[in-house]
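Here is what each chain is made of, one letter per residue.
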Amino acid sequence: MTSRQLSLSEARAFLLQEAAERHVKLEVYSSRHASTQIQAFQAEVSEFKLSTRQGVALRALVQGAWGQSYSENLSEAALTRALDDAVENAELVNAEQGAALQQWPAPPALDLYGEGLSGVTVEQKVNVALELERAAREADARVKSIPYLQYQDADMLVGVANTEGLEREDRQLYAMQFSCPLVSEDGQNKMKEDWQFTREFTQLDPTQTSLRAVEKSLALLGARPTPTGTFPALIDGEALAELLALYSVMFSGKFVEEGKSPLGGRLGEQIVNPLLTLLDDPLRPTGLNSRAFDAEGCPSAPLTLIEAGQLTSFLHNADTAARAGTRSTGHATRHGLQSGVTVGPSNLVMQAGATSPAELQRDFTGVLLTGVSGGHAGANPITGDFSLESEGFWLENGEVAYPLDVFTVAGNILELLSDVEAVGSELHDTYYAVSAPSVRVSKLAVAGGQAKG
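Here the structure is a predicted model, which means the values were calculated and not measured. (Residues numbered from 1 in each chain as written. Predicted model: local features only at pLDDT ≥ 70, side-chain atom pairs only at ≥ 80, totals over all residues. Heavy atoms only, no water.)

## Structural notes on the overall build of the protein
Move 1: Regarding its fold elements, the protein presents ten helices and 19 strands.
Move 2: A globule of 453 residues ought to have a C-alpha radius of gyration of about 22 Å, and the protein, at 24 Å, matches this closely.
Move 3: Once the C-alpha set of the protein is aligned to its principal axes, its extents read approximately 80 × 55 × 35 Å.
Move 4: Considering the protein as a whole, with its 453 residues, one finds that 53% of them fall into the buried category. (Helix = DSSP H or I, 4+ residues; strand = E, 2+ residues; numbered from the N terminus. Rg over C-alpha atoms; globule rule 2.2 N^0.38 Å. Buried < 20%, exposed > 50% of the residue type's maximum accessible area, 1.4 Å probe, protein only.)

## Let's talk about unusual backbone geometry
Peptide bonds are, in most cases, trans, and in most cases residues other than glycine have a negative phi.
Move 1: Here the phi dihedral of Ala-308 falls at roughly 50°; this positive angle occurs in a residue that is not glycine.
Move 2: Along the polypeptide, Ala-308 turns up in the loop between strand 10 (303-307) and strand 11 (310-311).
Move 3: On the basis of relative accessibility, which here comes to 34%, the residue Ala-308 falls in the partly exposed class.
Move 4: At Asn-397, a position not held by glycine, the phi torsion is positive, near 50°.
Move 5: Tracing the backbone through its elements, the reader meets Asn-397 in the loop between strand 16 (385-396) and strand 17 (399-412).
Move 6: When its relative accessible area of 57% is taken as the criterion, Asn-397 is described as exposed.

## Things to note about the pattern of salt bridges
Move 1: By the definition in use, this model includes 29 salt bridges.
Move 2: One salt bridge in this structure joins Asp-84 and Arg-22, with 2.6 Å as the shortest N-O distance. Placement of Asp-84 in helix 2 (residues 76-90) and of Arg-22 in helix 1 (residues 8-22) is noted, with a sequence separation of 62 residues between them.
Move 3: Salt-bridge contacts for Asp-194 lead to Arg-212; the nearest nitrogen and oxygen are separated by 2.9 Å. Here Arg-212 lies in helix 4 (residues 206-219) and Asp-194 lies in strand 7 (residues 194-198), a separation of 18 residues in the sequence.
Move 4: Under the relative-accessibility criterion, Arg-212 is labelled partly exposed at 33%. (Salt bridge = Lys/Arg side-chain N within 4 Å of Asp/Glu carboxyl O.)

## Points about the pairing of strand 10
Remark: a regular strand shows side chains that alternate across the two faces of the sheet.
Move 1: In this sheet, strand 10 lies alongside strand 9 (residues 278-280) in antiparallel orientation, the contact comprising three bridges. Residue pairing for strand 10: Leu-279 is matched across the bridge by Thr-304.
Move 2: As paired elements, strand 10 and strand 11 share two bridges and run antiparallel to each other. Residue pairing in the sheet places Ile-306 in a bridge with Leu-311 of strand 11.
Move 3: The hairpin turn running from strand 10 into strand 11, its antiparallel successor, is two residues long, and Ala-308 in that turn takes a positive phi close to 50°. (Pairing = 2+ DSSP bridges.)

## Description of the nonpolar core
Move 1: In terms of nonpolar packing, the biggest core is built from 48 residues, with Phe-251 and Val-409 touching the most fellow members.
Move 2: Broken down by element, the residue count for this core peaks at six residues, all from strand 19 (residues 434-447).
Move 3: For Phe-251, the contacting residues outside a window of four places in its chain are Leu-263, Leu-278, Leu-305, Ile-306, Leu-311, Ser-313, Phe-314 and Leu-315.
Move 4: Judged by nonpolar contacts, the second largest core, of 23 residues, contains Leu-15, Leu-74, Leu-83 and Val-87. (Core = buried A, V, L, I, M, F, W, Y, C linked by side-chain atoms within 4.5 Å. Contact = heavy atoms within 4.5 Å.)

## A look at the side chain of Thr-198
Move 1: Assignment of secondary structure puts Thr-198 in strand 7.
Move 2: The exposure class of Thr-198 is buried, given its relative accessible area of 5%.
Move 3: Here Gln-203 takes part through its side chain, which lies 2.7 Å from a polar atom of the side chain of Thr-198. (Polar contact = N/O pair within 3.5 Å; in protein donor to acceptor, adjacent residues only side chain to side chain.)

## Thoughts on the packing of aromatic side chains
Move 1: Counting across every chain of the model gives six aromatic pairs.
Move 2: By the ring-pair criterion, three or more aromatic residues cluster together here, those being Phe-178, Trp-195, Tyr-431 and Tyr-432. (Phe/Tyr/Trp six-rings, centres within 6.5 Å; stacked < 30°, edge-to-face > 60°.)

## Comments concerning helix 2
Since the α-helix advances by 3.6 residues per turn, residues separated by three or four positions end up pointing in the same direction.
Move 1: In this model helix 2 runs 21 Å from its N-terminal to its C-terminal C-alpha over 15 residues, within 8% of the 21 Å that 1.5 Å per residue would give.
Move 2: Every buried residue belonging to helix 2 is among Glu-76, Ala-78, Leu-79, Thr-80, Ala-82, Leu-83, Ala-86, Val-87 and Ala-90, and all of these are buried.
Move 3: Summarising the contacts, the buried residues of helix 2 are in contact with helix 1, strand 1 (25-41), strand 2 (44-62) and strand 3 (65-71). (Expected span 1.5 Å × (residues − 1).)

## A few points about the packing of helix 1 against helix 2
Move 1: The N-to-C vectors of helix 1 and helix 2 enclose an angle of 50°; their axes lie 10 Å apart at closest approach. Judged by the inter-axis angle, helix 1 sits oblique to helix 2. Considering only the axes of helix 1 and helix 2, their crossing is right-handed. Residues Ala-11, Phe-14, Leu-15, Glu-18, Ala-19 and Arg-22 of helix 1 form the contact with helix 2, whose own contacting residues are Glu-76, Leu-79, Thr-80, Leu-83 and Asp-84.
Move 2: Of the residues contributing to the contact of helix 1 with helix 2, the split by class is six nonpolar, one polar and four charged. (Axes fitted to C-alpha atoms, helices over the stretch in contact; angles between N-to-C directions. Parallel < 35°, antiparallel > 145°, perpendicular 65-115°, else oblique. Left-handed = near helix turned anticlockwise from the far one by under 90°. Nonpolar A, V, L, I, M, F, W, Y, C, P; charged D, E, K, R; others polar.)

## What about the pairing of strand 7?
Move 1: Buried residues dominate strand 7, accounting for five of its five residues.
Move 2: Pairing between strand 5 (residues 167-185) and strand 7: five bridges, direction antiparallel. Bridging across to strand 7, Phe-178 finds its partner in Trp-195.

## Here's the deal with the environment of Arg-323
Move 1: For Arg-323, the location among the structural elements is in helix 7 (residues 318-324).
Move 2: The sequence separation of Arg-323 and Ala-141 amounts to 182 residues, and the corresponding C-alpha distance is 60 Å.
Move 3: Not counting residues within four places of it along the chain, the set of residues in contact with Arg-323 comprises Glu-96, Gln-97 and Glu-257.
Move 4: One polar contact links the side chain of Arg-323 to the main-chain carbonyl oxygen of Gln-97, over a distance of 2.9 Å.

## A word on helix 4
Move 1: In a regular helix each residue adds 1.5 Å, so 14 residues correspond to 20 Å; helix 4 covers 20 Å between its end C-alpha atoms and thus fits that length.
Move 2: What helix 4 keeps buried is the set Pro-206, Thr-209, Ser-210, Ala-213, Val-214, Ser-217 and Leu-218. Take helix 4 and look down its axis: the buried residues cluster within an arc of 160°, on one side only.
Move 3: Packing partners of the buried residues in helix 4 comprise helix 3 (122-139), strand 4 (143-162), strand 5, strand 6 (188-191) and strand 7. (Arc of directions from axis to C-beta.)

## Quick word on the packing of helix 3 against helix 4
Move 1: Orientation of helix 3 relative to helix 4, taken along the N-to-C sense of each, is 35°, at an axis distance of 8 Å. As helix 3 runs across helix 4, the sense of the crossing is right-handed. Residues Val-128, Glu-131, Leu-132, Arg-134, Ala-135, Ala-136 and Ala-139 of helix 3 pack against Pro-206, Thr-207, Thr-209, Ser-210, Leu-211 and Val-214 of helix 4.
Move 2: Considering only residue class, the contact of helix 3 with helix 4 consists of eight nonpolar, three polar and two charged.

Have a look at this one:
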């Protein structure tokens, strides 16, 4: 055997040939991720990182049991050891009902690569980071620093092949920028971020991104104590997307199978207000998690999870689908080469409604919720309950009266979505790979510093 490092396609071919000679059923997932990250501080580059990581993840199917391994060393000797490990691991675990390899149909045509980073120089990328910092720093005297600021891009290659004859590969790239300035006035310090994601470098506008971030941050200054009670609420699209991201696991077929989802056994039921329709769309050209096929090679397609308030689907990979008596929805997911195959969304999209932003806010008095945090401790996807630190504003008769000090909102995600009265007509994209409109709800429990007089 040679010690030469094989290409990813060569590594897949070598492993499949080895598996065929041993009469082993095998799936090979391969990935390469080349990225650039640049940060700036006081008009100079403070961090510059170039990184490339690649490797293969193996799943051997032996008498109905999956055995897994991975290797970032692509020499023939290392790949042979990885195959040995996968087979040995399969012999140590129990068989799984429905475990099988498949030769999936061809994936849809989806161009996520193009020429978006072609010809872009290091200097151009550095200038984006410098401009993010300059624009934020010079926007207002109350900007004290920009603690979180970054330009990043990535060039990715993913492939899936198996001994059933499956062989596919997909490339994609993106460029993204992020700015989060710290502003200060009268002893108050506030931060709010803005960002931009694109597959075409020339579309980046660092000046506008930083100016929007400064504007959002300044709007939070002058915060007053938050009233405590149950109030009507406007939940802006970013905040709603954050909530949906926290509870996306509810729609996982694996989560349902394990008895952990409050949606288990409720297919076909009305679970939220009929104004709401939620889908997962892996084919969005601008989606952060768009893909032509999933981690098992199953073709991607949009999937409606909630239609007019009714639960219509769960997310499945091949194994969970087989055990549930249905077909894979193309939502097999890997979180790196070392992780196993699980189930996860791509780009969740709560569809926009018919109510304009002006109409949504007209004559409204109550809380405007613009962000939540602390989901790791305050959101329970098994029950749907939440108690989350939040930010926002108090509105009087449709106008912003003042920003609110940090407060807590509590409730249940399904009850909250059942209380929706109107759905905004504009969709807000977020870096959680969730997009949502603003919504108006009849009530939201808020805990602040004092009761409203």
